[in-house]
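What follows is each chain in one-letter form.
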Amino acid sequence: AKTASAAYQSALEVIVAVEPNVAGAIRAELADQRSSLKLIASENYASPAVLLTMGNWLSDKYAEGTIGHRFYAACQNIDTVEQLAADHAKALFGAPHAYVQPHSGIDANLVAFWAILAQRVESPALAEAGAKHVNDLSEDDWQTLRKALGDQRALGMSLDAGGHLTHGFRPNISGKMFHQSSYGTNPETGLLDYDDVAAKAREFRPLVLIAGYSAYPRRIDFAKMREIADEVGATLMVDMAHFAGLVAGKVFTGDFDPVPHAHVTTTTTHKSLRGPRGGLVLCQPEYADAVDRGCPMVLGGPLGNVMAAKAVALAEARQPMFATYAQNVAANAVTLAEGLMRRGARLVTGGTDNHLALIDVSTFGLTGRQAESALLDSGIVTNRNAIPRDPNGAWYTSGVRIGMPALTSRGFGAAEFDQVAELIVDVLSSTTPAAAPSGGSSKAKYVLADGVAAKTHAAANELLEA
Ligand code: DSN
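Here's what I pulled together on the structure shown here. (Residues numbered from 1 in each chain as written. Predicted model: local features only at pLDDT ≥ 70, side-chain atom pairs only at ≥ 80, totals over all residues. Heavy atoms only, no water.)

Within the structure, the ligand sits among Ser42, His164, Ser214, His242, Lys271 and Arg401. Here an oxygen atom of the ligand sits 2.7 Å away from a polar atom, N or O, in the side chain of Ser42. One nitrogen or oxygen atom from the side chain of His242 is found 2.6 Å from an oxygen atom belonging to the ligand. Burial of the ligand by the surrounding chains reaches 62%, relative to a free accessible area of 230 Å². Looking at side-chain class alone, the shell around the ligand contains no nonpolar, four polar and two charged residues. (Near = heavy atom within 4 Å. Polar contact = N/O pair within 3.5 Å; in protein donor to acceptor, adjacent residues only side chain to side chain. Areas by Shrake-Rupley, 256 points an atom, 1.4 Å probe, with all protein chains shown as cover. Nonpolar A, V, L, I, M, F, W, Y, C, P; charged D, E, K, R; others polar.)

Position of Lys61 among the secondary structure elements: in the loop between helix 3 (48–53) and strand 2 (65–66). A residue is classified by how much of its surface remains accessible, and Lys61, at 27% relative accessible area, is partly exposed. Excluding residues within four positions of it along the chain, Lys61 makes contact with Tyr72, Ala73, Ala74, Cys75, Ile78 and Pro302. Within the structure, Lys61 has its side chain in polar contact with the backbone oxygen of Ala73 (distance 3.0 Å). (Helix = DSSP H or I, 4+ residues; strand = E, 2+ residues; numbered from the N terminus. Buried < 20%, exposed > 50% of the residue type's maximum accessible area, 1.4 Å probe, protein only. Contact = heavy atoms within 4.5 Å.)

Okay, the pairing of strand 15 (residues 399–403) next. By the criterion of burial, strand 15 is predominantly enclosed, with five of the five residues buried. Both strand 12 (residues 356–360) and strand 15 contribute to a ladder of five bridges, which runs antiparallel. Pairing of Asp360 across the sheet is with Gly399, part of strand 15. Summarising the sheet, strand 14 (residues 383–385) and strand 15 pair through three bridges and their orientation is antiparallel. (Pairing = 2+ DSSP bridges.)

If you want it as structure tokens, here you go:
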């Protein structure tokens with residue numbers, strides 16, 4: 001820790017000499033993160049080794065292409081780090097193939113979608129036309145193929161059930177690539193209803209069945225999802241960005257481990273997996289060639305420094321300590337969820353069995369926006385999130401999402417998370433909606449009872465310093 005701290009200090013001194021405002025923002029970010037309870041479900045604290053691996057000369061190199069087949073000279077060191085990251089990913093997740101170039105989760109999903117389209121639609125069309133490459137097609141055949149590529153269907157979890165924008169929704173490019181339909185959750189239980197997914201799949205006949213979420217607090221049975229995909233001839237794509245750490249740490253095994261069941265699995269590397277900001281794709285052998293065409297299909301040149309940091313993070317995740325961490329994340333989620341419910345909060349699905357929980361804050365008379373702001377005033381960083389059939393829509397929402405990966409990295413256990421539950425309920429029950437000035441929305445205005453923010457901040461700092 002001493003060596004890492006000296007390395008950060010030296011780096012900051014170098015930055016101060018050029019643009020002190022940037023050094024100031026870095027220092028301020030550290031101070032903010034140290035003095036608040038970070039409960040955003042998609043965030044974490046990467047290790048010093050991961051952070052320090054990102055600032056070096058690997059960043060300066062262009063390396064479009066794949067390992068050993070680059071469009072630039074002198075890529076031997078990028079080859080080394082990309083191979084290390086891919087090997088660690090394959091070993092960690094038991095995947096036949098790994099592609100570690102995606103710069104983010106969106107990019108990983110784009111690589112996956114285009115690989116599936118290439119494998120399922122483009123390759124058969126090329127074979128039928130007797131061509132090896134799209135450039136060999138006649139103009140007529142190319143127009144027919146373009147139409148076929150644009151005429152495919154994707155079925156994923158609805159946004160208000162916890163699905164993700166990149167799973168075929170209109171504001172994202174995936175919604176413009178595919179005709180999209182979605183499955184939701186059971187209105188009574190809030191749980192994924194596999195019979196309903198199967199019925200929708202039979203009716204919609206998707207090319208791609210997508211599983212994965214960013215705000216669903218339960219695990220998914222991927223063996224069942226694969227059965228459904230097989231029945232309708234769909235490719236099963238799982239986006240495990242949120243719970244990759246639980247897969248890596250063997251909390252999700254058997255039917256709940258997506259990697260052996262999905263044809264293609266995507267993830268970010270910076271959430272529960274605790275690596276650098278980025279993405280990767282795992283796949284079955286028949287999709288490997290198409291996945292490796294991610295750059296230049298949809299990606300710019302790979303970031304050598306970030307692939308190196310992925311290798312370091314994945315090496316960390318292969319250590320027994322990471323399995324303990326992942327188990328703690330899941331146990332802490334249960335503690336927090338039970339602590340909240342015991343104190344009167346309502347959770348979507350009535351609990352959790354992953355790394356996150358979703359509080360329905362309407363029972364406190366609040367919108368998600370009001371709750372998020374009052375919590376932030378009190379040193380508790382969360383994000384508002386729609387709940388199923390949310391009357392307040394995606395901007396104001398009726399929910400607050402909370403996640404355990406970051407504070408578990410800070411060493412929080414059951415006792416600390418129970419206190420966090422108390423602080424959250426205390427803030428929410430001390431907050432009331434307020435009238436908006438004319439023209440403004442009352443869904444954003446609130447009053448937090450005097451003294452609660454300061455008292456909660458102090459209690460948060462005590463927990464963080466313990
Ligand atoms: N933005 C991420 C999250 O917070 O879940 C997903 O992309």
